[in-house]
Amino acid sequence: MITKYSNQKEEIKKQELEEAAEEIKKGNLVIFPTETVYGIGANALDKNAVKKIFKAKGRAQDNPLIVHVANIDMVKTIVENIGTLEQKLIEKFWPGPLTIIMKRKDNKIIPNIVTANLDTVGIRMPSNLIAKELIEKAGVPIAAPSANVSGKPSGTNIEDIKEEFEGKVSYIVDGGSTDIGLESTVIKVENDKIDILRPGKITKEQLEEVTKQVEVNKHVLEKVKKEEVVASPGMKYRHYAPNTNCMMIYSKDEEKMIEKMNEIIKELEQTGKQVLVLARGEHLSNIVTKRKWNMGNHLGEIAKNIFTLLRKVDKENVDLVLIEGVGEEELGLAITNRLIRACAYRYLKL
Ligand code: AMP
Ligand code: MG
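One numbering rule holds for all chains: residues counted from 1, following each sequence as written. Each chain gets a letter, beginning with A, and each ligand a number, beginning with 1, in the order they are written. Since the coordinates come from a predicted model, pLDDT governs what is reported: local features require at least 70, and pairs of side-chain atoms require 80 or more to be given and counted, while whole-chain, interface and lining totals use all residues. Computation of side-chain values: all heavy atoms of the structure, hydrogens and water removed.

Elements are defined by DSSP. Helices are runs of H or I of four residues or more, strands are runs of E of two residues or more, and each kind is numbered from the N terminus. Summing up its helical and strand segments, the protein chain has 11 helices and 16 strands in all. Here the C-alpha atoms of the protein chain give a radius of gyration of 20 Å, agreeing with the 20 Å that 2.2 N^0.38 yields for 350 residues. Oriented by its inertia axes, the alpha-carbon framework of the protein chain measures out at about 60 × 50 × 35 Å. Think of it in three bands: with a 1.4 Å probe and only protein chains considered, a residue is buried below 20% of the maximum accessible area for its type, exposed above 50%, and partly exposed in between. With 350 residues in all, the protein chain has 57% of them scored as buried. In what follows, residue pairs with any heavy atoms lying within 4.5 Å of each other are defined as contacts. A separation of at least 24 residues holds for 67% of the contacts in the protein chain among residues at least 6 apart in sequence. When the accessible area of the protein chain is evaluated, it comes to approximately 15,700 Å², of which 46% is carbon and sulfur surface. When charges are counted, Lys and Arg contribute as positive and Asp and Glu as negative, whereas His and the chain ends are disregarded. Taken as the charge centre is NZ of Lys, CZ of Arg, CG of Asp or CD of Glu, depending on the residue. If the 54 positive side-chain charges of the protein chain are averaged to one point and the 52 negative ones to another, these points end up 4 Å apart. Throughout, radius of gyration means the C-alpha value; the globule benchmark is 2.2 Å times the number of residues raised to the power 0.38. We get accessible surface area from the Shrake-Rupley algorithm with a probe of 1.4 Å; when it comes to residues, only the shown protein chains can shield them.

Moving on, we get to the layout of surface pockets. Where empty space is left can be seen by rolling a probe of water-molecule size over the atoms. Computed from the structure, the largest pocket encloses a volume of approximately 660 Å³. Only protein atoms enter the calculation, which uses a 1 Å grid: trapped sets of points that fit a 1.4 Å probe without letting it out are cavities, open sets showing protein on both sides within 12 Å along at least five of seven lines are pockets, and any residue with an atom within 4 Å of a point is a lining residue. Around the largest pocket, the lining is made up of 39 residues, and of these Pro64, Ile66, Val186, Arg198 and Ser232 lie nearest the centre. Of all the secondary-structure elements, those providing two or more residues to the lining of the largest pocket are strand E4 (66-68), strand E5 (98-103), strand E6 (120-124), strand E9 (185-190), strand E10 (193-198) and helix H11 (332-342). Counting residues per element, the lining of the largest pocket draws most heavily on E6, which supplies four residues. Grid points are joined across faces, edges and corners, and a volume is the space filled by probe spheres set on the points.

The next thing to look at is the environment of Lys57. Tracing the chain through its elements places Lys57 in helix H2 (residues 47-57). Given a relative accessible area of 2%, Lys57 falls into the buried group. Along the sequence, Lys57 and Tyr250 sit 193 residues apart, while their C-alpha atoms lie 32 Å from each other. With residues up to four places along the chain from it excluded, the contact list for Lys57 reads Ile40, Pro145, Ser146, Asn148, Val149 and Ser150.

Should a side-chain nitrogen of Lys or Arg be within 4 Å of a carboxyl oxygen of Asp or Glu, the pair is scored as a salt bridge. Enumeration over the complete set of coordinates arrives at 17 salt bridges. A salt bridge links Lys26 to Glu23, with the nearest nitrogen and oxygen atoms 3.5 Å apart. Lys26 gets classed as exposed once you look at its relative accessible area, which sits at 55%. The buried category is assigned to Glu23, whose relative accessible area is 5%. Close ionic contact of Glu263 with Lys260 constitutes a salt bridge, the shortest N to O distance being 3.3 Å. Taken together, the residues span about one helical turn, with Glu263 and Lys260 both in helix H9 (residues 254-270) at a distance of three residues. Several salt bridges share partner residues, and in doing so they unite Lys4, Glu23 and Lys26 into one network.

So, on to H11. Along H11, 11 of the 11 residues are buried, which leaves the element largely enclosed by surrounding structure. If you check which residues of H11 are buried, you get Gly332, Leu333, Ala334, Ile335, Thr336, Asn337, Arg338, Leu339, Ile340, Arg341 and Ala342. Turning to H11, the residues buried within the fold contact E10, strand E11 (214-216), strand E12 (246-250), helix H10 (299-312), strand E15 (320-324) and strand E16 (347-349). With its phi angle positive at about 50°, Ala344 sits one or two positions after the end of H11.

What follows covers the state of the cysteines. Disulfides are defined in this document as cysteine sulfur pairs within 2.5 Å. Summed over all chains, the structure comprises zero disulfides. The cysteine Cys246 is free of any disulfide, with Cys343 supplying the nearest cysteine sulfur at 5.1 Å. For Cys246, a relative accessible area of 1% corresponds to the buried category. For Cys343, a relative accessible area of 0% gives the class buried.

Pasting the structure below:
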């Protein structure tokens, strides 16, 4: 397959978005930027088009896709009813990085393959203007998971996208690096309570401004045990993971965290092992190994950088990647949720 690209140097032109929208209408795959990460999209109403997403990603059939819309009218064609609390959340956070799981219409306008046969559907209205215009021009909702081979970190910059998907999709819309760098917050409303199924840029603290009844699902930070029922199928899968072993260390006491990192590094290096450290910029000079990368200095920067860094670690050929944890408050919860999976739950909290 030949992949067409939008102009990479100048601003995306109207005509290029029309070409990309045409591919969606024809039932083909288009990779496009959103404010969170890049999405690999297809017409959400066309089951054969959506099948191609699962194939290109190697995604498990029981892991449902998020449907992206450009306006509320599109939502009304898909869901049974928008509840009062959902309406408030939509008014406050859309367009933006919040996915709301809602009851599907019985007419199943959205085919079963999109929702993995569930009676609910995850919907979001992206704020990224390229994404918004693409959906508008295509005239249909677009089902789009993160643009990455399943299991790997999500694609957040155009170079990683090209490396992974050249020749596998019909069109790639170049939006540079994505603003947020982590996928949307996924929530479900039940009995006037919000359950956070996947944390993201819209934090628990922000949701609490709408209602005090907000819970973080236990599988956000805990490994799913065999046979345990999950609220969101994506929670079961290996995700965001390099092939290299990774481990996360966190303490509120930064000196203690650095001391522990140095202890582990010394022990491993004495036995001839190689370590790579990912830490906040301000801590790098206190860490006693040569190979160390700056994750960023504040949570927003770390969120934006983390997937790009995780995608690079396998090229380093080290025995262990030691990653500084960022705690669980505000955007820290979303970063920790991704890192804990990248580390296969090797998380040392001091
Ligand atoms: P991705 O498409 O890679 O951003 O992942 C989408 C996430 O949303 C996955 O973790 C899915 O399991 C979750 N999701 C999508 N639709 C639903 C749904 N109807 N019910 C529960 N979780 C969902
Ligand atoms: Mg994903």
